[in-house]
Amino acid sequence: MTVIKTADEAKQDRAYLQSLTELLYQLADDDFIISFRGSEWLGLAPHIEEDVSFSSITQNTMGHAVLYYQLLEELGEGEADILAHDRSSEKRRNAVYLEKKNGEGDYIEEPYYDWALTVIRQYLYETFKKVKLEALLQSSYVPLADTAQKVLMEQTYHLAHWKTWVRQLQDSTDEAKSRLQFRIEEAWDEFLDVLELGPEAKEMEKHQLIVSEEELQQQWLADVKDTLTYIPDKPLQKTNGSGRNGEHTEDLTQALNTLNEVYEMDKNAVW
Amino acid sequence: MYNFVEHGGKETSTINEDPVKYEQFMKRIEAGEKIEADDWMPEEYRQTLIKLISMHGISEIMGALPEKEWTPKAPTLKRKLGIMAKVQDEMGHGQLLLRVAEDLIKPYGKQREDLMNDLLTGDLKFHNVFHMETRTWADAGVVGWLVDGAAIISQTNMLDASYGPYQRALQRICAEEVFHAQHGEAIIMELAEGTEQQRNMLQDAVNRWWPALLMFFGPDSASTTGSSKQEVTTKYKIRKSSNEELRQAFLDKYLPRVFSLGLTIPDETLRYDEEKEYWIYQQPDWNEFKKIISNNGPRSKERIRLREISYEKNRWVRQALAPAPAYS
Ligand SMILES: [Fe+2]
Ligand SMILES: [Fe+2]
């Protein structure tokens, strides 16, 4: 296996570089957008203890996105801040399911957020994130493998947190069960996008950046079946489009308009 | 945040206390001993602590909301991480303090849920500054720099408070507040040294926040707004300095910094009296202050509404977590 130790080395091979940057955009944008959705929740969680834990997870997750944007910066993609704030919707590689609004309403006025959506989304995402990070430990791009190791240290707690929520709720009242089931059904229609690596998937595997999509998906499904007591009897789909292909919804536009509002006031200013 | 203790508080006296126990208690206070949750304490002391600490706790929680408005909008990755860390800390302070308050209300058969309900009914007030609007990103900076700066001064004043659980919570809170003020100051510095638009935004925020910052420490004396429990908190060694002493300390610390950044204060009468060694300033409108803290401030309703929505929307979660049989 060829091991690529530095950004300069990676830049020597155009095909390698292309797959690597594609993978990094997916990793960065996924964490970035789900952290954004998390930050909208502050002060609205079911109890104060949860507000503290959830905001800690959200903050760590933003930290992970920053690490990936920095790897992209090293590879000559531009400044991390610009990558995070100044890329249009079509350029974003996050999965569509992760950009979905937390519920009806706005985060400042009348936020009718749904805790069931958040628990299911966070749990499914963190489960997959762990599978992916563990695969990335063997990545041919050493700076990425090192980053994965760092992220995994925090991420283990995040997954444990959401797993606890799933276990508590799916095992409680009928209302909680049915709310969770509704969101699991919904996730089954949309989650495939998260599980994919996009048009470069085969190349990524060839360059030993990460394992195959099939391998990742199988591991994810096995983990999920271990925890969820309800699994829909239907194939996983991506009915809202493929974020890996740059297809996105109005929800992402709303997110981008919010998260770059101040940045957009003056892109050349120092903030 | 004790300055609110004087409002809406149930008047208690020490007349009905067991004189022997009371005397022993006061000896402990005067000897600088720390009182613990399970120790005997006079009703007046307990009531004062409940008011003080539950208000402080709920103010930390409500205090995260104005900055939350700017958390998703922070203009760089570094600022996003900084403000996320800050709002998380504030929630953590709220949690820490509510736990201290919970122990104090236990003898009355009350719990956390009652405190949260008191917030929704208006019985539990939160700090005046958190009723204010945060109109621009500069407001997020001013909150971090000057509101947290003011909080540091008022909380440092109680670092040696006679009630042990509160005193210990304050040690940790004050340590974190220092980082908050640094975070706020970093935002302010960039704006102050930035473009004309950024400078204007900052000056505008300072102008709007000025009266609220003066109000932060509470009125000078009882005569301004009616009764005052300043004396009670001093008697029991919960606090050291008076409202006005704290406000003067704040002005001493921050006005030179404000001026050195080329910013102005919207008060033409503001000056330092060299002889008397204090700041002379235009009193804020204390009637407005009373209005604000009785939940009629610029953003009071909207912020309380957020807690209401959270309470309603998460009812099913509370029921799911409650031990069977589920409560309504
Ligand atoms: Fe705080
Ligand atoms: Fe603070």
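Below or above, wherever it landed, is the structure these notes cover. From a predicted model like this one, the values you see are computed outputs, not experimental measurements.

## Some points on unusual backbone geometry
Residues and elements named next belong to chain B. Here Lys237, not a glycine, exhibits a phi torsion of approximately 55°, which is positive. Positionally, Lys237 belongs in the loop between α9 (230-235) and α10 (243-260). For Lys237, a relative accessible area of 38% corresponds to the partly exposed category. You will see that Asn295, though not glycine, has its phi angle at about 65°, which is positive. Secondary-structure assignment places Asn295 in helix α11 (residues 286-296). Since its relative accessible area comes to 9%, Asn295 is described here as buried.

## Remarks on the pattern of salt bridges
Summed over the entire model, instances satisfying the criterion amount to 45 salt bridges over all chains. Close ionic contact of Glu110 of chain A with Arg305 of chain B constitutes a salt bridge, the shortest N to O distance being 2.9 Å. Separated into two different chains, Glu110 of chain A in the loop between β1 (103-104) and β2 (112-113) and Arg305 of chain B in helix α12 (residues 300-313) make up a pair that spans both. Since its relative accessible area comes to 29%, Glu110 of chain A is described here as partly exposed. With relative accessibility at 28%, the residue Arg305 of chain B sits in the partly exposed group. Between Glu36 of chain B and Arg168 of chain B there is a salt bridge whose closest N-O contact spans 2.8 Å. Of this pair, Glu36 of chain B sits in the loop between α1 (19-30) and α2 (43-68) while Arg168 of chain B sits in helix α6 (residues 164-192), and the two are 132 residues apart along the sequence.

## Overview of the environment of Tyr22 of chain B
Residues and elements named next belong to chain B. Note that Tyr22 resides in helix α1. Looking at Tyr22, the relative accessible area reads 17%, which means it is buried. As for Tyr22 and Met41, which are separated by 19 residues in sequence, their C-alpha atoms are 7.7 Å apart. Not counting chain neighbours up to four residues away, the residues in contact with Tyr22 comprise Thr14, Glu17, Trp40, Pro42, Glu44, Lys235 and Tyr236.

## Quick word on the interface of chain A and chain B
The interface is formed by 57 residues belonging to chain A together with 48 residues belonging to chain B. Each partner contributes to the roughly 4,600 Å² buried at the junction of chain A and chain B, and carbon and sulfur atoms together form 65% of this total. In terms of surface lost to chain B, no three residues of chain A exceed Leu42, Ile48 and Trp271 of chain A, which account for 17% of the buried area on that side. Here chain A and chain B share five salt bridges between them. Between Glu109 of chain A and Arg299 of chain B there is a salt bridge; the shortest N-O distance is 3.5 Å. One can count 17 residue pairs in polar contact (both at pLDDT 80 or more) joining chain A with chain B. Among the elements that make up the side of chain A that touches chain B, the one with the highest residue count is helix α3 (residues 48-74) of chain A (12 residues). Partitioning the side of chain A that touches chain B into residue classes produces 32 nonpolar, 14 polar and 11 charged.

What counts, and at which threshold
Residues numbered from 1 in each chain as written. Chains lettered and ligands numbered in written order. Predicted model: local features only at pLDDT ≥ 70, side-chain atom pairs only at ≥ 80, totals over all residues. Heavy atoms only, no water. Helix = DSSP H or I, 4+ residues; strand = E, 2+ residues; numbered from the N terminus. Buried < 20%, exposed > 50% of the residue type's maximum accessible area, 1.4 Å probe, protein only. Salt bridge = Lys/Arg side-chain N within 4 Å of Asp/Glu carboxyl O. Contact = heavy atoms within 4.5 Å. Buried area = accessible area lost by both parts, 1.4 Å probe. Polar contact = N/O pair within 3.5 Å; in protein donor to acceptor, adjacent residues only side chain to side chain. Nonpolar A, V, L, I, M, F, W, Y, C, P; charged D, E, K, R; others polar.

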